Amino acid sequence: MTALRASWILPGLAVLAIAVALTGLTVGAFPVTLDGFFRAALNFWSGDLPQTAEQRVLFGIRGPRVLAGLIVGASLAGAGVVYQGLFRNPLVSPDVLGVSAGAGLGAVIGIFLSLPVFAIQALAFGGGLATVGLVYLVAVAVRGRDPTLVLVLGGVVVGALAGAAISLLKILADPYDQLPAITFWLLGSLASVRGGDLWNVLPAVLVGLVPLVLLRWQINVLSLGDEEAKSLGVESGRLRVIVIAAATLITASVVAISGVIGWVGLVIPHIARMLVGPNFERLLPAAMLMGASYLVLVDTLARSLGRIEVPLGILTAVVGAPFFLWLLWRGRHGWS
Amino acid sequence: MRIEAHDLAFGYPERPVGRNLNLTVETSEILCLLGPNGCGKTTLFKTLLGLLRPQSGRITLGSDALTDLPRAKIARRIAYVPQAQDTAFPYTSLDRVLMGRVAHRGVFAAPTRDDRRIAQASLAELGIAELATREVTTLSGGQRQLVIVARAMAQAAPLIVMDEPTASLDFGNQVAVLAEIRKLAARGTGVILSTHDPDQAFAVANRVALMQDGVIVAQGTPSEVLTPMRLKAVYGVDVTVERLSGGQTVCAPVISQS
């Protein structure tokens, strides 16, 4: 790849994300022209009242939703990149340490107890963090084995336990009221995101991103494996804790508002790696921009394809699974 | 700078590997470690690099106990060329070599222009400058090995541990790496390498340590240590050691006809 082409990829991806976001804002059950959008935006900033229907749709409903799509997609793809590098395995997704299973269990408990939305989100966030914390404690307790292997197996075990608890609650839940809410949450959706949710999530995502950006070269070295990283002067044990904590914080925050959205954190890092290579310095921003575009695009499809909204997790799987098979079929380029 | 092991016992918690080991390597010298498969060479190396805790005894690196030093400090004093690389991700050779510079910079830093220059120079030194932009996954085993040697050179530590650095190389590249090891020592780097080829020990080593079942059975100059009797005792084969007219000493197995 020539240097010139490489240097245009990141700005190109940024432009793509903006274009997709504008598309997401204007397309939908209440179509808005691009011209109408800019006029509405100008009026909104100048504070002219009363609000038009356009403004209510754009800034009350669609705007937060598109922003949420950008944040959630970028976060899941970014976390996927981090976990794949950390575990030196391109088939790892952000759920590998059980963050989604834990967040799912937290949210399902909240729905089961008929708690308010904010409490459900808080429980999901806490459940995700607690599950990964538990997996990490298990890994620390098991000494003398390959730490990354123990982490993955711990994630599988604890994730399966959380899955069992979720199934139990589904059986016990009220089938007319709670069960649909649980199912919908577990398939992921941005339909219920409001502006206020973004302010709860954004700081946590940024707090998680800061160490990942600062430690980018150490994280590159960590992807060579524990021993090699140590011999190059990286305190790999400590670094692994920081990186897992940061990626988990990011994932748990966005899962709390969006529910479980699969495939984004698995497929997007692959495509990003094919475009810009494995160097974390460029891979992280590339994957985040692509994840943001991808999720807004899929969410726009989800709400405009049919009369009823298709849950996001279904669409990302329908798009992601064949794409992943295609990656396997065309060869192992980009990851091995 | 020197690394010293005193009365070292090493291995894994449930599996002790070696004991009673005394070893010193200084800058500008080449110590060659020979011994059959599974005798504990790699485990010893990992212990000397601080990747495994000694089970007893102590290791000093410079004026400090190895166990007291932070990783970055160890990495600035002793570099590692590990065996058999598996590469999960297609980093370019240059990026791979740049990772050798990470101990010289702060934890938040990215490689500087200086680091790039040093990395390019290491690649050029080994005659593989043209591989800089190639992805390591597309390289042959031998080229990959050379990239790792280049990385150890970029790490600019006064001591280097090389675990069978010539194992996957063709004949020409073996000689190239051996020549590079000699050059490194001439410039003041201390090298500890393991090999299965006694000829390499004769060719480059100042001292040889012969290892068997985790114990160093003999240590000294190549011609003191690598006698037909000792090689027979350690490897179980008859060998003849000959001095060629050019001054080089070679070692050839006597393969029985029966």
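As the structure is a prediction and not an experimental result, all values here were calculated from the model.

Caption draft 1: Inspection of the overall build of chain A at higher detail. Scanning chain A for helices and strands turns up 14 helices and zero strands. By the compact-globule yardstick of 20 Å for 336 residues, chain A fits well, its C-alpha radius of gyration being 20 Å. Seen through its C-alpha atoms, chain A measures out along the principal axes to roughly 65 × 60 × 40 Å. Among the 336 residues that make up chain A, the fraction classed as buried is 49%.

Caption draft 2: Summary view of the overall build of chain B. Of regular secondary structure, chain B possesses nine helices and 12 strands. What you see for chain B is a C-alpha radius of gyration of 19 Å, in line with the 18 Å of a compact globule of 258 residues. Looking at chain B as a whole, 46% of its 258 residues qualify as buried. Partitioning the intrachain contacts of chain B with sequence separation of at least 6 by distance along the chain shows that 65% fall at a separation of at least 24.

Caption draft 3: Expanded view of the sheet that holds strand β3 (residues 30–34) of chain B. Residues and elements named next belong to chain B. The strand order β6-β7-β8-β3-β9-β10 describes an open sheet built from six strands, whose pairing is mixed. For this open sheet the edge positions go to β6 (78–81) and β10 (215–220), each flanked by a neighbour on one side alone. The mean inter-strand angle of the sheet, taken between neighbouring strand axes irrespective of direction, is 15°. Of the strand pairs in this sheet, strand β9 (residues 207–212) and β10 are connected by five bridges, and their pairing is antiparallel.

Caption draft 4: Main features of the nonpolar core. Counting 176 residues, the largest nonpolar core has Val254 and Ala287 of chain A together with Ala150 and Ile160 of chain B as its most contacted members. In this structure valine 254 of chain A touches Ile71, Val72, Ser75, Leu76, Val201 and Val205 of chain A, once residues within four positions along its chain are discounted.

Caption draft 5: Broad picture of the confidence of the model for chain B. When pLDDT is averaged along chain B, the result is 93; 98% of the residues meet or exceed 70. The complex model carries a pTM of 0.90, and its ipTM stands at 0.93.

Caption draft 6: Region of the structure containing the interface of chain B and chain A. Listed per partner, the contact involves 26 residues of chain B and 27 residues of chain A. A total of five residues in the side of chain B that touches chain A trace back to one element, the largest contributor, which is helix α2 (residues 71–77) of chain B. Looking at side-chain class alone, the side of chain B that touches chain A contains 20 nonpolar, three polar and three charged residues.

Caption draft 7: Geometry of the pairing of strand β11 (residues 239–243) of chain B. Residues and elements named next belong to chain B. Counting buried positions over the five residues of β11 gives zero, only a small fraction of the element. Both β11 and strand β12 (residues 249–253) contribute to a ladder of five bridges, which runs antiparallel. Along β12, the bridge assignment pairs valine 241 with cysteine 251. Connecting the antiparallel pair β11 and β12 is a turn made up of five residues, with glycine 247 showing a positive phi of about 100°.

Caption draft 8: Layout of the sheet that holds strand β5 (residues 64–65) of chain B. Residue and element names in this part refer to chain B. Spatially, β2-β1-β4-β5 is the arrangement adopted by the four strands of the open sheet, whose pairing is antiparallel. Among the strands making up the open sheet, the edge pair consists of β2 (15–26) and β5. Note that strand β1 (residues 2–12) and strand β4 (residues 56–61) share five bridges and pair antiparallel. If you follow histidine 6 over to β4, its bridge partner there is arginine 58. In this fold helix α1 (residues 41–48) packs onto β1, β2 and β4, with an angle of close to 120° to the strand it touches most, β1.

Caption draft 9: Representation of the packing of helix α4 (residues 113–125) of chain B against helix α5 (residues 141–154) of chain B in the model. Residue and element names in this part refer to chain B. Packing of α4 against α5 brings their axes to within 9 Å, and their N-to-C directions diverge by 130°. Looking at the two axes, α4 sits oblique to α5. Considering the relative orientation of α4 and α5, their crossing is right-handed. Judged by residue contacts, Ile118, Ala119, Ser122, Leu123 and Glu125 of α4 engage Ala150, Met153 and Ala154 from α5. Per-class residue counts for the contact of α4 with α5 are six nonpolar, one polar and one charged.

Caption draft 10: Structural context of unusual backbone geometry. Residues and elements named next belong to chain B. Although it is not a glycine, serine 28 sits at a positive phi angle of roughly 75°. Of note, serine 28 is situated in the loop between β2 and β3. What makes serine 28 partly exposed here is the crowd of 16 C-beta atoms within 10 Å. Residues other than glycine seldom take positive phi values, yet aspartate 213 does so here, at roughly 50°.

Caption draft 11: The arrangement of the environment of valine 254 of chain B in detail. Residue and element names in this part refer to chain B. Turning to its location among the elements, valine 254 is positioned in the segment after β12. Sequence separation between valine 254 and glycine 35 is 219 residues, and the spatial gap between their C-alpha atoms is 18 Å. Beyond its immediate stretch of four places on either side in the chain, valine 254 contacts Asp238, Val239 and Thr240.

Caption draft 12: Region of interest: helix α14 (residues 312–329) of chain A. All names here are of chain A. The end-to-end C-alpha separation of α14 is 26 Å, in line with the 26 Å expected for 18 residues at 1.5 Å each. Residues of α14 that are buried include every one of Leu312, Gly313, Leu315 and Thr316, and no others. In the core, the buried residues of α14 are packed alongside α7 (178–187), α12 (264–276) and α13 (280–304).

Caption draft 13: Quick look at the environment of leucine 315 of chain A. Residue and element names in this part refer to chain A. With respect to the element layout, leucine 315 can be found in helix α14. Remark: the alpha-carbon pair of leucine 315 and alanine 124, spanning 191 residues in sequence, is separated by 22 Å. With sequence-adjacent residues up to four places away left out, leucine 315 is seen in contact with Val298, Leu301, Ala302 and Val310.

Caption draft 14: How the structure looks around the packing of helix α5 (residues 117–141) of chain A against helix α6 (residues 147–172) of chain A. Residues and elements named next belong to chain A. The interhelical angle for the contact between α5 and α6, taken along N-to-C directions, is 135°, at an axis separation of 8 Å. Taken as axis vectors, α5 and α6 run oblique relative to one another. Here α5 runs over α6; the crossing is right-handed. Seen from α5, the contacting residues are Thr131, Leu134, Val135, Val138 and Ala139; seen from α6, they are Pro147, Val150, Leu151, Gly154, Gly155, Val158 and Ala162. A class-by-class count of the residues in the contact of α5 with α6 yields nine nonpolar, three polar and no charged.

Each value, and the rule that gives it
- Residues numbered from 1 in each chain as written.
- Chains lettered and ligands numbered in written order.
- Predicted model: local features only at pLDDT ≥ 70, side-chain atom pairs only at ≥ 80, totals over all residues.
- Helix = DSSP H or I, 4+ residues; strand = E, 2+ residues; numbered from the N terminus.
- Rg over C-alpha atoms; globule rule 2.2 N^0.38 Å.
- Buried ≥ 20, exposed ≤ 12 C-beta atoms within 10 Å, placed from the backbone.
- Contact = placed C-beta atoms within 7 Å.
- Pairing = 2+ DSSP bridges.
- Axes fitted to C-alpha atoms, helices over the stretch in contact; angles between N-to-C directions.
- Core = buried A, V, L, I, M, F, W, Y, C linked by C-beta atoms within 7 Å.
- pLDDT = per-residue confidence, 0-100.
- Nonpolar A, V, L, I, M, F, W, Y, C, P; charged D, E, K, R; others polar.
- Parallel < 35°, antiparallel > 145°, perpendicular 65-115°, else oblique.
- Left-handed = near helix turned anticlockwise from the far one by under 90°.
- Expected span 1.5 Å × (residues − 1).

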